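# Residue-level structure breakdown
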Amino acid sequence: MTDEFLGNANFLTSDQTVSASCPSNIALIKYWGKYDQQIPANPSISYTLNHCRTNTTIAFYAGDAFGVQTFLSGKEEFKFAEKIGKYFKTISEYLPWILTGRYVISTENTFPHSSGIASSASGFGAIAKCLMLLDEQFSGKTDHHFLQKKASFLARLGSGSACRSLYEGLVVWGKTPEVEGSFDAYAIPYPNDEIHSVFKNFNDWVLLIHEGEKSVSSTVGHGLMKTNPYAERRFLEAQENFVLLKEILKTGDMKRFIQLVEHEALTLHAMMMMSEPAFILMKTGTLEVINKIWNFRKETGLDLFFTLDAGANVHLLFPENSDADEIKAFVVKELLTHTQNNGLVKDVMRF
Ligand code: PMV
């Protein structure tokens, strides 16, 4: 299935330093549940963010004994280095030179570490981009589309959802008959001419309700879907939601978009509540914010809505149009009070 990504036996013979930047992403139809080798149990689609990014520099010392050192915002991180070392071993089939040297990886996020914004997505995306920059120099392959596709493929092997961060705009990962060319091994951009303009200028403001460690890692969360009695129905529902979303994206039906996106977020959390053991990832503030958003929508008819990741923080979504100022004022006046430390990360997607 992925033979096209197997590496040829070339080796890096000189030291190299490469840098790349990659944004995080937020899923609209969620990926939750996977099979071996990071194969998703259902297709997903996300918005790639803009300002929330990881910037990474990799210095490669050719010929040194294999080893990885990592620095996050200048501070050495030993656990992360171990994780990346293991990751490099798992992808050596696709980059045959990868174990033939030593790495010093310096990385920084443009958003708070504890924000619950997926730093694994932007982090693995940036590392995969750096690796393809190294590979490009020695494989002689310069086809941009192939390099981007392989970077998405490699990022997926680090963190599933990271594969969607390699493209801008709306991005699909996982095979679905609704999107031609979609594939389980890497992500592809959703066809631009199938997206109504109202979805191409969108805000994502993240309310930091809780800034601690997540109570369940995504690895554990995906694993719990293996024994969740509702899992098969959920995987099917994600497929069905693609049929609906395709039409919504084309026609620009904002009301149905809101309904579908909020339903997806609540379903992800419902799955965790119905797992064994069960997890409740929302905090009181999350529920208060959701209720306020629903009341605001009822009273004003304005298009403010939410999605959630596997945590308590709330992604506030709203189109950037003439109503945006009223929505922004409401967020600052009414919702900010539910955050731990006035934490609000503002991003906007334009494509
Ligand atoms: O990529 P992972 O293994 O961290 O899983 C991420 C899953 C969610 O963020 C909850 C949903 C998604 O599709 O991004």
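Higher on the page you've got the structure.
Presented here is a report on the structure given in the accompanying data block. Keep in mind that this is a model prediction, so the values were computed, not measured. (Residues numbered from 1 in each chain as written. Predicted model: local features only at pLDDT ≥ 70, side-chain atom pairs only at ≥ 80, totals over all residues. Heavy atoms only, no water.)

### Here's the deal with the site of the ligand
Around the ligand, the neighbouring residues are A27, K30, Y31, W32, S159, G160, S161, R164, S218, H222, L268 and D309. Between an oxygen atom of the ligand and a side-chain N or O atom of S161, the distance comes to 2.7 Å. The side chain of D309 places a nitrogen or oxygen atom 2.6 Å from an oxygen atom of the ligand. A total of 390 Å² of accessible area belongs to the ligand in isolation, and the protein chains cover 92% of it. For the shell around the ligand, the residue count by class is 4 nonpolar, 5 polar and 3 charged. Inspection of the shell around the ligand shows a minimum of three residues originating in each of domain 1 (3-194) and domain 2 (198-350). (Near = heavy atom within 4 Å. Polar contact = N/O pair within 3.5 Å; in protein donor to acceptor, adjacent residues only side chain to side chain. Areas by Shrake-Rupley, 256 points an atom, 1.4 Å probe, with all protein chains shown as cover. Nonpolar A, V, L, I, M, F, W, Y, C, P; charged D, E, K, R; others polar. Domains from an automatic or database assignment.)

### With respect to helix α8 (residues 324-335)
Structurally, the α-helix is built with 3.6 residues per turn, so residues lying three or four positions apart point the same way. Here α8 spans 15 Å end to end across 12 residues, near enough to the 16 Å set by a 1.5 Å rise per residue. Contacts made by the buried residues of α8 are with β10 (201-207), α7 (284-300) and β12 (314-319). (Helix = DSSP H or I, 4+ residues; strand = E, 2+ residues; numbered from the N terminus. Expected span 1.5 Å × (residues − 1). Contact = heavy atoms within 4.5 Å.)

### Some points on a nonpolar patch on the surface
The grouping of Y230, M273, M274 and I280 at the surface amounts to a nonpolar patch, some 410 Å² of accessible area in total. Its place among the elements puts I280 in the loop between α6 (254-273) and α7. (Patch = residues over 30% accessible without salt bridge, like charges linked within 9 Å, V, L, I, M, F, W, Y side chains within 5 Å. Salt bridge = Lys/Arg side-chain N within 4 Å of Asp/Glu carboxyl O.)

### Some points on the pattern of salt bridges
By the definition in use, this model includes 15 salt bridges. In this structure, R233 engages E240 in a salt bridge whose closest nitrogen and oxygen atoms are separated by 3.1 Å. Counted as one network, the salt bridges with shared partners bring together R234, E237 and E264.

### Describing the nonpolar core
Formed by 77 residues in total, the largest nonpolar core has its most connected members in I45, F88, Y103, L131 and F257. Considering each element in turn, this core owes the most residues, 8 residues, to helix α2 (residues 119-139). A domain-level breakdown of this core finds at least three residues from each of domain 1 (3-194) and domain 2 (198-350). Grouped together as the second largest cluster of nonpolar side chains are 22 residues, W205, V289, I293 and L316 included. (Core = buried A, V, L, I, M, F, W, Y, C linked by side-chain atoms within 4.5 Å. Buried < 20%, exposed > 50% of the residue type's maximum accessible area, 1.4 Å probe, protein only.)

### A word on the packing of helix α1 (residues 78-90) against α2
Closest axis-to-axis distance for the α1/α2 pair is 13 Å, and the angle between their directions is 50°. By the angle between their directions, the pair α1 and α2 is classed as oblique. Both α1 and α2 take part in a crossing whose hand is right-handed. Taking contact as the criterion, the partners of F80, K83, I84, Y87 and F88 in α1 are, on α2, F124, I127 and L131. Taken together, the residues that form the contact of α1 with α2 break down as 7 nonpolar, no polar and 1 charged. (Axes fitted to C-alpha atoms, helices over the stretch in contact; angles between N-to-C directions. Parallel < 35°, antiparallel > 145°, perpendicular 65-115°, else oblique. Left-handed = near helix turned anticlockwise from the far one by under 90°.)

### Observations concerning the sheet that holds strand β11 (residues 305-308)
Ordered by their spatial adjacency, 4 strands build an open sheet running β11-β12-β10-β13, and the pairing between neighbours is antiparallel. A strand with exactly one partner marks an edge of an open sheet, and here the two such strands are β11 and β13 (344-350). Strand-to-strand twist in this sheet, taken as the mean axis angle between neighbours without regard to direction, amounts to 25°. Bridging between β10 and β13 involves 7 bridges; their strand directions are antiparallel. Its bridge partner lying in β13, V206 is registered against V345. Where α8 meets the sheet, its contacts fall on β10 and β12, and the angle it forms with β12 comes to roughly 160°. (Pairing = 2+ DSSP bridges.)

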